[in-house]
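Chain by chain, the residues:
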Amino acid sequence: MSQDSSRPPGPPPGGGTGSQPSGGDMPLWGDQWSGAGPAAGGMGPPPSGSSGWAAGGVTFAGVLLLVNGGLNILQGISAIAKDDVYARVNDYVYRINLTGWGWILLILGAVAVVTGWGILKDAGWARVTGIVLASLSMLFQFMFLPYAPIWSVVLLAIDVFVIWALATYRPAAPPR
């Protein structure tokens, strides 16, 4: 039984790694690390910042900022109106007067609503402002953990997504 010497050896039966062709050639089964296309058996290049996922993520981030801002406004109003809405926490490092906390949430919420609207209108300033607001929101939600732990953790996760979506999106350059 003779083997054709013009063909490099493929992977052994059973799916093992086997020997690869020498001389810098791509393996017959594709190279998932070099970005070879799916036709060659690789995973392909990573999605670009102007892909459908990134564009959809930015739209979703804009909507999340709008909704999050509206909820922050309502949360701030309730903290300003009544100090006993949230549980009192005595031994917490970041002890904040709830009325002051309400004003912080109210102002942050109003700016988030305007920024979310700007993101949906595709304003360049809104993406940078959205990243800054989501970062501030993460900080404030961490400080608010003992007052509303589950809500704070959910908003922390939303803020991480908003930062990712706004940071990875690269709009298409306008035609010249």
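In the nomenclature of an unreviewed UniProt entry, the protein corresponds to DUF7144 domain-containing protein from the organism Streptomyces triticiradicis.

Novice: Where do I start with unusual backbone geometry in this structure?
Specialist: Trans peptide bonds make up most of the peptide bonds, and negative phi angles are found at most residues other than glycine. Although it is not a glycine, D122 sits at a positive phi angle of roughly 65°. Relative to the assigned elements, D122 resides in the loop between helix 2 (98-120) and helix 3 (124-143).

Novice: Could you clarify how one ought to interpret the UniProt feature "transmembrane region" (unreviewed entry) in the protein in this entry?
Specialist: Under the present numbering, the feature "transmembrane region" (unreviewed entry) in UniProt falls on residues 53-81, 101-120 and 150-169. Between the C-alpha atoms that bound residues 101-120 there is a distance of 28 Å. The span itself is 100% helix and 0% strand. Summarising residues 150-169: 95% helix, 0% strand, and an end-to-end C-alpha distance of 29 Å.

Novice: Teacher, can you tell me more about helix 3 here?
Specialist: If you check helix 3, its first and last C-alpha atoms are 30 Å apart, about what 20 residues at 1.5 Å a residue would give, namely 28 Å. All of the buried residues along helix 3 are A126, R127, G130, L133, A134, S137, F140, Q141 and M143.

Scoring rules and cut-offs
- Residues numbered from 1 in each chain as written.
- Predicted model: local features only at pLDDT ≥ 70, side-chain atom pairs only at ≥ 80, totals over all residues.
- Heavy atoms only, no water.
- Helix = DSSP H or I, 4+ residues; strand = E, 2+ residues; numbered from the N terminus.
- UniProt positions renumbered as here; feature names shortened; annotations may be inferred.
- Expected span 1.5 Å × (residues − 1).
- Buried < 20%, exposed > 50% of the residue type's maximum accessible area, 1.4 Å probe, protein only.

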